[in-house]
Every structure is written in C-alpha cells, then in structure tokens.
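What the coordinates show
Below, each chain spelled out in residue letters.
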Amino acid sequence: MQPTHHQPASRHVAVIGAGAGGLVAARELRREGHKVVVFERGDQVGGTWVYTPNVESDPIGLDPNRTRVHSSMYQSLRTNLPREAMGFRDYPFVAIEEDEERDPRRYPGHREVLLYLKDFAIEFGVSEIVRFETEVVFVGLVEGGKWKVKSKSKRGEVVEDEIFDAVVVCNGHHTEPCVAQIPGINTWKGKQIHSHNYRTPEPFRDQVVILIGSATSALDISRDIAGVAKEVHIASRSVADETIEKQPGYNNMWLHSMIKSVQEDGSVLFRNGSVVLADVILHCTGYKFHFPFLETNGIVTVDDNRVGPLYKHVFPPDLAPSLSFVGLPWKVAPFPMFEFQSKWIAGILSNRIALPSREEMMEDVKAFYSLLEASGTPKRYTHNIADYQFGYDDWLAAECGCPAFEEWRKQMYFVAIENLFARPETYKDEWEDHHLVVILIGGAASSAD
Ligand code: FAD
C-alpha cells in the first residue's frame, strides 16, 4: 500500500538476533536509511546454523533453569531444500566449487549454510553492526512510543539501557522444546530427550528408541539412529490408529500410530495395540515461540503457540509499526520470506509504504482467526502457512513494490517436496529438476530453460 504522505524517515532500530532473519532485516533496514544495532547473544552470526556438540543440562528442556544452547542442529544435517530455492533472492546460494573447504552439493551440510550466512553478513556490512555476546534481557515501551532495550554483555555482565524508535524481533523459534503429553510419563523409568538436544546417533547404540514425530528432522534422526540402535519405533499422530508398518530398507525400524500410554516398567503402549519395552523416548515434536525479554503489557501474547494479535504475522496492530517480528511463519522457504518481511518493515518504518489503520489491521486479524476456526485449524497452527506461503510472499512483494517470488523457485520448491515423498532415502542426491537449476549471470539468477 502506498502512503498518502511520503516523508522518508530514518529510525533508530534494534534488531534482536543475528540469524538469517536478523541479518536480512538489518540489511533491508540499512538500505532504507535506518540506523541499526543488531543484538546477538552468541559469538557469531548464523543462529540455528551454528552447530555445537554441546547440549542443554535438561535433555527434554522442561527445567526453566537449565543451561541453554540456541541451536538444534545435529551433526549429519543436510538442508531439506535445494540451495537454489533456499537462498536469499538477491544473494544466491551458489556452490563454490573452487574452494575445497566448501560443500558444493545442492543439499549441503549445515556448515555450508553457516558459511553462506557469514558471507552474506560480510558482503552487506552487517557483521560490523552486530553486538556479539550481548543478550537482550528486556524490551519494553517507554513514553513517546519508543522502546527501552536492556542488554547484558557476557564478558562484562553489563546491563545497558538504550532507547530505540523501533524493535524488530528475530530471535528464532527452534530453541524452546515442545514435548508430547503422554499418560503415565511421570513414572516411566526410561530416558527422555527432545530433538533440540540430539547431535549424533552414538548415545543410542543398541538401545530401543521410541521417536515421536514425523516432520523432516524426525525422518532424518530416525534414519541416523536406525544405523546403530537395536530398534527404532516411530510414533506418528498423522497416521491411522491401526498403523504398524516395517519401514522399507530397514530391519529394525517401524512406523506406529501415536503412543497411548507408558508404564512404570518401561513399556510403551501404542494406539495400534502393540507394546514395546523401550530405553528412550526421543521427542521430535517441535518448538514453542518464546520471547522471554518482551514486555508489552499483555498486548502481544503467545497462546497455544499463536503469537498475536499480529497483522500478517508481523505487526501487532496496537504497537505497529514500532514493534515487528521476522520469521514466525513456518512450513515455508524461510530465507526469501524473511527478505520480503524485512523489506516491508523497513519501508513502513521509513514511511515509504503505508500500513492500514489500527482498526483495519485488527479486523483483518479477526477475519483470519475466524477463517482458521471455521476450517477447524488448531490455534497452534496459526503460523503454519504451508498452504498459502507463496501468496503471502507475493502479497508482501506487491506491498514493497518489488518483484514477486520467482516462478522457477516456486516450481523447484514443489518439485523438491514431491521428490522427498517419492525418494525419502535419496532425495538429497537424486533429482529430476535439472531444467529448473538456475544459471547465474552477473550475480542475477535466471531460469536455465
Ligand atoms: P535463528 O537462526 O534461530 O537465529 C536467532 C538468533 O537470535 C540466534 O543467533 C540467537 O542467538 C539470537 N537470540 C535469541 N534470543 C536472543 C536475545 N535475547 N538476545 C540476543 N540474541 C538473541 N531452513 C531452510 O531453509 N532449510 C533447511 O534445510 C532447514 N533446516 C533446518 C533444520 C533444523 C534442525 C532447524 C531447527 C531449522 C531448519 N531450518 C531450515 C529453518 C531455520 O530455522 C531457518 O532457515 C532460519 O535459519 C531461522 O533463522 P532465524 O533468524 O529466524 O532464527
């Protein structure tokens, strides 16, 4: 939407987090003329992609006082999207064949993504504006619609208070574990761990493992573990109650319906009626949105994993445009979406793009929630935009006045998903979308056909 009065404004903006979301937010804000500080509690950029063998002190993540680790990366992880579809729009994620240190595969390992993000941060001068090892501990409104940001430096333990015109929250949402509720679990004697704390299969050698979940990381981890474990039993809530299927290609892995209950003696009863004496339950059950530093006097809440109310998953109508969120929607191609959201936020903060009125935004949010309710979508899926992610990206692009999501990238995304279902074991190394692989000409991407 174009504003009626275009008075370019340069704002003092705090970006929280230097993962992919924070990096591209900082770049877009600077491009638009804002003064930006990026707060990052880690010692490098990359967020989720900074692999560490360290895990948290509570493997299931329930103890609020546990030692924290940000990243959920496991050692064997390769991307689940081809690099061409995954990268930022104007900084393609190209294979760097001439450097032996780099991973040129289309579905590279996690280190390659980290190196790409580091290159991005250097290329656009973002690294220089990141305050590393500086954790934001409080963000709250002060007079005049500005925001107070308190931060704590790891080295000096100094808490600083600073005032910003706007805050862009990019703290990621793959750190705070969500665990399955299982009848009898409190007296079950086996071990429990959340995939947030899964790194390598070795600790599961010769064990009987129950793995709950069926998303991409559950698929990866089950295969990782099947190589060393005695048995792997996958419990999925997306299959029929009677399901019990030996997994093709494995003589020690089965797919079951969900767990019905567990017993003190270590046995696990599935809805399909089978009983397994297990050593470990591994919860690959996703994460919660978590903003422990954010104080909005109840204006923004997290209710059953719905962050709201938010206009288009970004702006709380009552606090727009000075508070915004990058990266909440999931089941998406994240990097390009972060880029669109960031352009939109930057353009709105400079008055180049206009937001609807508070009332109109609130009406839009209410209509969206009613639609979810009418379709029987649980609240916790509010930010699952799998069914309309490209429509969402294109809407943002139109607001920003920039080109829509590239057609070749959309096709590649769909082909990649189809390929994953067709060849779950080999989709990262075998594909048939050569015709979509982009050729890079002078830094710009164009379709190969
Ligand atoms: P993050 O990368 O989590 O970054 C958030 C940053 O905020 C961190 O650096 C953190 O230290 C910092 N931070 C948090 N709180 C504070 C605070 N209070 N103060 C200061 N700093 C703070 N996406 C793909 O496109 N392809 C894939 O193949 C893929 N695989 C994935 C596999 C796994 C196991 C996971 C967990 C995710 C995967 N994703 C994948 C999604 C991935 O999360 C996104 O691609 C993206 O990296 C998320 O970026 P982000 O900036 O939103 O969050």
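Above: the structure in question.
Residues numbered from 1 in each chain as written. Predicted model: local features only at pLDDT ≥ 70, side-chain atom pairs only at ≥ 80, totals over all residues. Heavy atoms only, no water.

1. Points about empty space enclosed by the protein
The full count for this structure, using the stated rule, is 1 cavity of 30 Å³ or more. A volume near 30 Å³ is recorded for the largest cavity. Every residue along the wall of the largest cavity is listed here: P82, R106, Y107, V415, A416, N419, W431 and D433. (1 Å grid on protein atoms, 1.4 Å probe; cavity = no way out; pocket = protein on both sides within 12 Å on 5 of 7 lines; lining within 4 Å. Points joined across faces, edges and corners; volume = space filled by probe spheres on them.)

2. Quick word on unusual backbone geometry
The peptide bond linking G308 to P309 adopts the cis configuration, its omega dihedral lying at -5 degrees. On the secondary structure map, P309 appears in the loop between β21 (306-308) and β22 (323-325). The omega torsion across A320 and P321 is 0 degrees, close enough to zero to call that bond cis. As for its placement among the helices and strands, P321 is situated in the loop between β21 and β22. In this model, H313 sits at a positive phi of 65 degrees, which is unusual for a non-glycine residue. You can see H313 is positioned in the loop between β21 and β22. On the accessibility criterion, H313 (4% relative accessible area) is buried. (Helix = DSSP H or I, 4+ residues; strand = E, 2+ residues; numbered from the N terminus. Buried < 20%, exposed > 50% of the residue type's maximum accessible area, 1.4 Å probe, protein only.)

3. Brief notes about the layout of surface pockets
It is the rolling of a water-molecule-sized probe over the atoms that shows where space remains empty. Of the volumes computed, that of the second largest pocket is approximately 310 Å³. In terms of lining residues, the second largest pocket is bounded by 16 residues, among which D220, R223, P424, E425 and K428 are the most central. Here the lining of the second largest pocket is composed, by residue class, of 6 nonpolar, 3 polar and 7 charged. (Nonpolar A, V, L, I, M, F, W, Y, C, P; charged D, E, K, R; others polar.)

4. Here's the deal with the site of the ligand
Around the ligand there are 31 residues in total, and E40, T48, W49, H70 and N80 lie nearest to it. A20 has a polar backbone atom sitting 3.2 Å from an oxygen atom of the ligand. Within the side chain of W49, an N or O atom sits 2.8 Å from an oxygen atom of the ligand. Relative to its free-state accessible area of 1,000 Å², the ligand is covered by the protein chains to the extent of 93%. Broken down by secondary-structure element, the contributors of at least two residues to the shell around the ligand are α1 (20-31), β4 (134-142) and α5 (334-349). Tallied by class, the residues present in the shell around the ligand amount to 14 nonpolar, 14 polar and 3 charged. (Near = heavy atom within 4 Å. Polar contact = N/O pair within 3.5 Å; in protein donor to acceptor, adjacent residues only side chain to side chain. Areas by Shrake-Rupley, 256 points an atom, 1.4 Å probe, with all protein chains shown as cover.)

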